[in-house]
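What follows is each chain in one-letter form.
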Amino acid sequence: MNWRRGRDDAPRPPDAATREAAPRGRKLLRDVSLLAVLFIVAFGVAYVALMPGPVISSSHAVPRVLEMPVEAAERELTTAGFRPRRGEGRLHPLLPDGTVIWQDPPAGTVLSSGTVVTLTVSDGLALYPVPDVLQFPAPLARRVVEAAGLRIERVDSVPSTAPGGTVLETRPGAGSARPLGSGVVLVVSATSRVERMP
């Protein structure tokens, strides 16, 4: 066995063709990578420039908080990413004190996060004055009272010298403030001509 290497076994330096091929392959790989990066950057710039909205949308619909207690409405709006603000209070015919009666912008409007939503809160039930229907015929008095947002609870009749069916008194009295739909008692003159009222 020959432990010595001969001249033919010694490593040879690469020939000129092999030396030229290696840098050319690296250059091609580098150029293709550079083109891919440029394409991705150009696509990203074009996408952002040409899209009508933001890339990551933070816009969403305003939730409906009408008829909710104001504290619960504020929590819901804050959770949804909006900033609630209390506007002026108003009397409402049906909703009690501290209840949201209006929101601006309205529910369903798509807005960006952090937008202020103004809440109008009920200051309590609106009161309606009992109309003055003294000396009115009972049927007309009924229509006037109902048009004022109140209802006829009952009709009492008392003897009187006034023409039959004429309103002599209302209970509560004219001008008294009552909640919407409250009952009013009509007191009318009693004669044979008194009109029966349900």
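Everything below is about the structure shown above.
Conventions adopted
Residues numbered from 1 in each chain as written. Predicted model: local features only at pLDDT ≥ 70, side-chain atom pairs only at ≥ 80, totals over all residues. Heavy atoms only, no water. Core = buried A, V, L, I, M, F, W, Y, C linked by side-chain atoms within 4.5 Å. Buried < 20%, exposed > 50% of the residue type's maximum accessible area, 1.4 Å probe, protein only. Helix = DSSP H or I, 4+ residues; strand = E, 2+ residues; numbered from the N terminus. Contact = heavy atoms within 4.5 Å. Patch = residues over 30% accessible without salt bridge, like charges linked within 9 Å, V, L, I, M, F, W, Y side chains within 5 Å. Areas by Shrake-Rupley, 256 points an atom, 1.4 Å probe, with all protein chains shown as cover. Salt bridge = Lys/Arg side-chain N within 4 Å of Asp/Glu carboxyl O. Arc of directions from axis to C-beta. Pairing = 2+ DSSP bridges. Axes fitted to C-alpha atoms, helices over the stretch in contact; angles between N-to-C directions.

One finds Val65, Leu77, Val100 and Leu119 to be the most contacted residues of the largest nonpolar core, which totals 13 residues. Elements that contribute at least two residues to this core include exactly helix H2 (70-79) and strand E6 (116-125). Among residues more than four places away in sequence, those in contact with leucine 119 are Val65, Val70, Ala73, Glu74, Leu77, Pro84, Arg85, Arg86, Gly87, Val100, Trp102 and Gln103. Core analysis: the next-biggest nonpolar cluster, separate from the first, contains 11 residues, Val133, Leu150, Ile152 and Val167 among them.

Turning our attention to a nonpolar patch on the surface. A surface patch of nonpolar side chains, about 570 Å² in accessible area, is lined by Phe39, Ile40, Phe43, Tyr47 and Val48. Secondary-structure assignment places tyrosine 47 in helix H1 (residues 16-50).

What follows deals with the pattern of salt bridges. Where charged atoms of side chains with opposite charge meet at close range, the side chains can pair. The full count for this structure, using the stated rule, is nine salt bridges. Between arginine 142 and glutamate 146 there is a salt bridge, and its shortest N-O distance comes to 3.2 Å. You can see arginine 142 and its partner glutamate 146 sitting in helix H3 (residues 138-147), four residues apart, about one turn around the helix. Given a relative accessible area of 39%, glutamate 146 falls into the partly exposed group. Its salt-bridge partner being glutamate 153, residue arginine 154 comes within 3.6 Å of it at the nearest N-O pair. Given the relative accessible area of 39%, arginine 154 is considered partly exposed. On the basis of relative accessible area, glutamate 153 is assigned to the partly exposed category, the value being 43%.

Here we take up H3. In an α-helix, one full turn covers 3.6 residues, which means residues spaced three or four apart are oriented alike. Considered for burial, the residues of H3 that qualify are Ala138, Ala141, Arg142 and Val145. Buried residues of H3 fall within an arc of 105° about the axis and therefore sit on the same side. Looking at H3, the residues exposed on the side facing more than 90 degrees away from the buried face are Arg143 and Ala147. In the core, the buried residues of H3 are packed alongside strand E8 (151-159), strand E9 (167-171) and strand E11 (183-190).

Quick look at H2 now. Those residues of H2 that sit buried are Val70, Ala73 and Leu77. Axial view of H2: buried residues confined to an arc of 60°, hence all on one face. More than 90 degrees from the buried face of H2, the exposed residues found are Arg75 and Thr79. In this structure, the buried side of H2 is in contact with strand E2 (83-86), strand E4 (100-104) and E6. A positive phi of about 95° marks glycine 81, the residue just after H2.

What follows is about the sheet that holds E11. Across the sheet, which stays open at both edges, the three strands sit in the order E8-E11-E9 with mixed pairing between neighbours. If you trace the sheet from one side to the other, it starts and ends with E8 and E9, each paired once. Strand-to-strand, the axes of this sheet are offset by a mean angle of 25°, without reference to chain direction. Across eight bridges, E8 lies against E11 in parallel orientation. By the bridge assignment for E11, arginine 151 is matched with glycine 183. In the packing of H3 onto the sheet, the strands contacted are E8, E9 and E11, and the crossing angle to E11 comes to about 165°.

On to the environment of glycine 108, then. In this structure, glycine 108 sits in the loop between E4 and strand E5 (110-112). Since its relative accessible area comes to 47%, glycine 108 is described here as partly exposed. Setting aside residues no more than four positions away along its own chain, glycine 108 makes contact with Ala61 and Val62.

The residue glycine 173 is located in the loop between E9 and strand E10 (177-179) in this model. Taking the C-alpha atoms as reference points, glycine 173 and leucine 186, separated by 13 residues in sequence, lie 9.8 Å from one another.

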